[in-house]
Amino acid sequence: MAPIDRRQQVIHAAAQSFAMFGYKATTMDQVAKIANVGKGTIYTFFTNKEQLFDQILVEVIQEMKVIAQREVHQESAFFDNLFRVLDALLEFRRDHELLVKLSQELKDFGTLQAKEGLEKVEKVITEFLARELEKAKDSGEIRSCDPQVVAFMMIRLYIALTSDWNKHHEPLSKEDIKNYFSLFLMEGIAAIKPLNGV
């Protein structure tokens, strides 16, 4: 029988606790109870709750990186990859119990750790998109731009179309979202005027 990995057991229990109760309400006692270990066992691996929380975020972020890499197909055009990556990452963020709980906690209590945790997650998405934009710029698929600014705007636009819009309107289909994304970011909304009236 394989030996029990106590550290992994603690991390798994902490992830459950943070997802159920949020950062603020999670205690080391709760984590110990869920993990079915003594509280002292936790302290052999982690100095405090903050360190334990950071470790869980590292694992969530690692999972997101794997998802993003999986959605990029070398043979596909930049914008096709972009939609797949954004879709997968933002779906993951929307459905992941811990991230859902942190969003709720931030809204309800403004907990600093919840805010910082969500910012770390968003930073990973932004950096990934910025790298892909840089590659697309170098290969001539997109015009010259600041990849950080464009990545930031892409995430904001995607969240606006998939989440904010739904609060007061009928949700847009994936095809609609793709079309608006294309309109705002790929084509721009300005009509092309002929030069010198020609």
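In short, a report on the structure. Please read these numbers as outputs of a predicted model, since none were measured by experiment. Each chain has its residues counted from 1, running along the sequence as written. For this predicted model, a pLDDT threshold of at least 70 governs which residues receive local features, and a threshold of 80 or more governs which side-chain atom pairs are given and counted, while totals over whole chains, interfaces and linings are taken from all residues. With hydrogens and water excluded, all non-hydrogen atoms of the structure serve as input to the side-chain values.

### Details of the overall build of the protein
- Helix and strand counts for the protein come out as nine helices and zero strands.
- The linear arrangement of helices and strands in the protein, starting from the amino end, is α-α-α-α-α-α-α-α-α.
- The reference for a compact globule is 2.2 Å times residues^0.38; the radius of gyration itself is calculated from the C-alpha atoms. Radius of gyration (C-alpha) of the protein: 21 Å, far over the 16 Å computed for a compact globule of 198 residues.
- For the protein, buried positions account for 38% of its 198 residues.
- The Shrake-Rupley method, run with a 1.4 Å probe, gives the accessible areas here. Residue values count only the displayed protein chains as cover. Summed over all atoms, the accessible surface of the protein reaches about 12200 Å², with 55% contributed by carbon and sulfur.
- In this tally Asp and Glu are treated as negative and Lys and Arg as positive; neither His nor the chain ends contributes. Charge positions come from single atoms, namely NZ of Lys, CZ of Arg, CG of Asp or CD of Glu. Of the charged side chains in the protein, 25 are positive and 29 negative; the average position of the first set lies 4 Å away from that of the second. What counts as a helix is a DSSP run of H or I of at least four residues, what counts as a strand is a run of E of at least two, and both are numbered from the N terminus. We call a residue buried when its accessible area falls under 20% of the maximum for its residue type, exposed when it is over 50%, and partly exposed in between, using a 1.4 Å probe and counting protein chains only.

### A closer look at the packing of helix α5 (residues 78-95) against helix α9 (residues 174-187)
- The contact between α5 and α9 brings their axes to 12 Å, and the two run at 125°. Regarding the angle of α5 to α9, the classification is oblique. Two packed elements cross with a definite hand, and for α5 against α9 that hand is right-handed. Only K174, K178, F181 and M186 of α9 make contact with α5, whose side of the interface consists of F79, D80, L82, F83, L86, D87 and E91. Here the axes come from fitting lines to C-alpha atoms, over the contacting stretch only for helices, and the angles between their N-to-C directions go from 0 to 180 degrees. Here is the rule for angles: anything less than 35 degrees is roughly parallel, anything more than 145 is roughly antiparallel, 65 through 115 is roughly perpendicular, and the remaining ranges are oblique. It is the rotation of the near helix from the far one that decides the hand of a crossing: anticlockwise by less than a right angle makes it left-handed, clockwise makes it right-handed. Residue contacts follow a heavy-atom distance rule, with two residues in contact if any of their heavy atoms lie within 4.5 Å.

### Considering a nonpolar patch on the surface
- Patch membership needs two things, relative accessible area over 30% and no salt bridge, and members are linked within 9 Å if like-charged or within 5 Å if nonpolar (Val, Leu, Ile, Met, Phe, Trp, Tyr). Throughout this description, the term salt bridge denotes a Lys or Arg side-chain nitrogen within 4 Å of a carboxyl oxygen of Asp or Glu. A cluster of nonpolar side chains, namely M20, F21 and I34, defines an oily patch on the protein surface of about 250 Å² accessible area.
- The residue M20 is located in helix α1 (residues 6-25) in this model.

It is worth stressing that arrangement in space is one thing and function is another; only the former is reported here.
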